Protein chains: 2
Amino acid sequence: MSEKSGLSIGALGKATGTGVETIRYYERIGILPAPARTAGNYRSYDMGHVRRLGFVRKARDLGFPLETVRALLDLTDQPDMQCEKVDGLVLEQLHAVERKLADLERLRTELERLANCCRGGHQVSDCRIIEALFP
Amino acid sequence: MSEKSGLSIGALGKATGTGVETIRYYERIGILPAPARTAGNYRSYDMGHVRRLGFVRKARDLGFPLETVRALLDLTDQPDMQCEKVDGLVLEQLHAVERKLADLERLRTELERLANCCRGGHQVSDCRIIEALFP
DNA sequence: GATGGACCCTGTAGCCGCTACAGGGTCAAC
DNA sequence: GTTGACCCTGTAGCGGCTACAGGGTCCATC
C-alpha cells in the first residue's frame, strides 16, 4: 500500500477507530465514497476519506442514526446552504436522547422497586419479584 | 373459536397488548408453548398462556432481553428453587439500565453543547456544529 | 347456499448497524 | 519460496420484532 501515499482499509480503520468490516459496510450503503484501488485491487484512501469517516464516527458516537449522518454529510457537501437544517437535526437528536432518558429513568425506578421487594432467601413459588411480574 | 372456550391468537393479543405476529414469533423461539389447535388449525390459547404472555410483556416492558425472560420463565417453572437467581437477574438488568442512563446523560450534555454552539443564521461552511463534528 | 369480510395459517424477507464467517488473492519480510 | 499479515467478495447472523404474499376458515347477512 505505497502507491501515492494512499491508506489501506486497515490503516484507515486504525486512524479513525473503525472496524474494517464497518468501513466496507459504509461504502456499500453510500456513507463513504468508494476509494481508488491499487493494482492489486486494494482500496486506497486519501485524507478526504479520513476526515469524512472521522465525521461519521463522531456523529455515530453522539447517537445520530446513519440516515441523519447521511443528511449531515449532504449538508457539508453544500457549503452555501443556510445551516438551520443542521441545527434542526441536532435538536431532534437531543430530543430523542431526552425521551430515551425519561423512559430509562422510569425503568430504573420500577426495577429498583422490584429489586427491593424480594432479597432472596425464599423459594421461587414465594418470590415477590416473580409475583410482581405476573399481571 | 368457541371450542371449549379457548382464545384465538387475536383475542390473546388483545388481552395482553401483544401483536399477533409477535405471539407467533414467541412460539417459534420457544418463549410461549405451542397451544392446542382447533379443527380448522387455529391456535387455541388457555388462561395459562394469558398469564405467561402477560409475564413476558411485563418483563419486556422493563427492558429484560428475551434470553433473560426465558431464564425467568424457567425459574417460575421450578417453584422449589431458591429465588436468589431471580434477584440476580433483576439486579443485572438494573445495572444495565444504569449504565445506559449514564451513557445517555453524557450524550445529552454533548448534544446540548453542540446545539448551543450554533443557532442557525450562518452558512453551512461557517457552521460551528459541522466544525465540531469534524475531528 | 352464496357472498363478503374479518380473522387465521405458513413461510419468508426486511428493519438497524454492524459483525463474522468462508474461501480466496496480495504483499512484504525472511 | 514460504510464511503470515493483510486484503478481496459475498453471504449470513445478531435482537426483537414487523410486514408482506398467498392462501384457508369462520360467521353473519342476503
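Now for a look at the structure at hand.

1. A look at the overall build of chain A
Secondary structure assignment for chain A yields six helices and two strands. Moving toward the C terminus, one meets the helices and strands of chain A in the order α-α-β-β-α-α-α-α.

2. A word on the protein's contact with DNA strand D
As a matter of local geometry, DNA strand D sits amid 23 residues, with A:Ser8, A:Gly10, A:Arg43, B:Gly40 and B:Leu66 nearest to it. Those elements that place two or more of their residues in the surface near DNA strand D are helix 1 (9-16) and helix 2 (20-28) of chain A together with helix 2 (20-28) and helix 4 (66-76) of chain B. In terms of residue class, the surface near DNA strand D is made up of nine nonpolar, nine polar and five charged.

3. Some points on the protein's contact with DNA strand C
Around DNA strand C lies a shell of 22 residues, among which A:Gly40, A:Pro65, B:Ser8, B:Gly10 and B:Arg43 are the nearest. Per-class residue counts for the surface near DNA strand C are eight nonpolar, nine polar and five charged.

4. Some words on unusual backbone geometry
For residues that are not glycine, phi is negative in most cases, and the peptide bond is trans in most cases. A positive phi angle, close to 70 degrees, is found at A:Asn41, a residue other than glycine. Assignment of secondary structure puts A:Asn41 in the loop between strand 1 (36-37) and strand 2 (43-44).

5. Considerations on the relation of the copies chain A and chain B
Aligned on chain B, chain A shows an RMSD of 0.0 Å; the corresponding rotation is 180 degrees and the shift along the axis is 0.0 Å. Such a combination of rotation and displacement between the chain copies is what one expects of a two-fold axis. Distance from the rotation axis, computed per C-alpha, reaches its smallest value in chain A at A:Leu101: 3.2 Å.

6. Quick notes on helix 1 of chain A
Residues and elements named next belong to chain A. For helix 1, the set of buried residues is Ile9, Leu12 and Thr16. Looking straight down helix 1, one finds its buried side chains confined to an arc of 60 degrees; they lie on one side. Among the residues trailing helix 1, Gly17 stands out with phi positive, at a value near 65 degrees.

7. What to know about the interface of chain A and chain B
Listed per partner, the contact involves 48 residues of chain A and 48 residues of chain B. Elements with a contribution of two residues or more to the side of chain A that touches chain B: helix 3 (47-61), helix 4 (66-76), helix 5 (84-116) and helix 6 (128-133) of chain A. With 20 residues, helix 5 of chain A is the largest single contributor of residues to the side of chain A that touches chain B. Of the residues in the side of chain A that touches chain B, the class split is 26 nonpolar, ten polar and twelve charged.

8. A look at helix 5 (residues 84-116) of chain B
Between its first and last C-alpha atoms helix 5 of chain B spans 48 Å; for 33 residues at 1.5 Å apiece the expected length is 48 Å, and the two agree. All of the buried residues in helix 5 of chain B are B:Val86, B:Asp87, B:Val90, B:Gln93, B:Val97, B:Leu107, B:Leu111 and B:Leu114. Along its buried surface, helix 5 of chain B packs onto helix 5 and helix 6 of chain A together with helix 4 and helix 6 (128-133) of chain B.

Cut-offs used in this document
- Residues numbered from 1 in each chain as written.
- Chains lettered and ligands numbered in written order.
- Predicted model: local features only at pLDDT ≥ 70, side-chain atom pairs only at ≥ 80, totals over all residues.
- Helix = DSSP H or I, 4+ residues; strand = E, 2+ residues; numbered from the N terminus.
- Near = placed C-beta within 6 Å.
- Nonpolar A, V, L, I, M, F, W, Y, C, P; charged D, E, K, R; others polar.
- Least-squares fit on C-alpha atoms with pLDDT ≥ 70 in both.
- Buried ≥ 20, exposed ≤ 12 C-beta atoms within 10 Å, placed from the backbone.
- Arc of directions from axis to C-beta.
- Contact = placed C-beta atoms within 7 Å.
- Expected span 1.5 Å × (residues − 1).

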